[in-house]
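# Structure at a glance
Below, each chain spelled out in residue letters.
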Amino acid sequence: KGNEKHIYLIRDTIRGFYKIGSAKNVDTRFKQLKTANPGIEIVCSYFSKVSDEKELHEILENVRVSGEWFSFSKQDWDTFHQYFAQKGVAPTIYT
């Protein structure tokens, strides 16, 4: 399972952007990110292949703002979730 991680989606509540990233431990990673970005919240994560993060970045390249940050429309939101649904991977939801 060394090639699997949690592919997470974080929302910046101030700017409205979404970050697609990966981590072995989402809670630990979130705490690290929140120090620099107090207005963020975890939306969900999927335990999947590490390569899925890069593939999603490529699929959503046209809405990339900077680095791992994206400006999602409803269609982009659906694309993100359908990507994993097609692989049969269920999300972990954070609220």
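About the criteria used
- Residues numbered from 1 in each chain as written.
- Predicted model: local features only at pLDDT ≥ 70, side-chain atom pairs only at ≥ 80, totals over all residues.
- Heavy atoms only, no water.
- Helix = DSSP H or I, 4+ residues; strand = E, 2+ residues; numbered from the N terminus.
- Buried < 20%, exposed > 50% of the residue type's maximum accessible area, 1.4 Å probe, protein only.
- Polar contact = N/O pair within 3.5 Å; in protein donor to acceptor, adjacent residues only side chain to side chain.
- Contact = heavy atoms within 4.5 Å.
- Pairing = 2+ DSSP bridges.

Time to look at the side chain of His-57. The residue His-57 is located in helix H2 (residues 51–59) in this model. A residue is classified by how much of its surface remains accessible, and His-57, at 10% relative accessible area, is buried. A distance of 2.9 Å separates a polar side-chain atom of His-57 from the backbone oxygen of Ile-20. Excluding residues within four positions of it along the chain, His-57 makes contact with Ile-20, Arg-64, Glu-68 and Phe-70.

Turning to the pairing of strand E1 (residues 4–12), a few remarks are in order. Both E1 and strand E3 (residues 40–49) contribute to a ladder of nine bridges, which runs antiparallel. Directly across from Ile-7, in E3, lies its bridge partner Tyr-46. Sheet analysis places E1 next to strand E2 (residues 18–23), joined by six bridges and oriented antiparallel. Within E2, the position partnered with Leu-9 by the bridge is Ile-20. Counting the residues in the hairpin turn of E1 and E2 gives five residues, including Gly-16, whose phi is positive at 80°.

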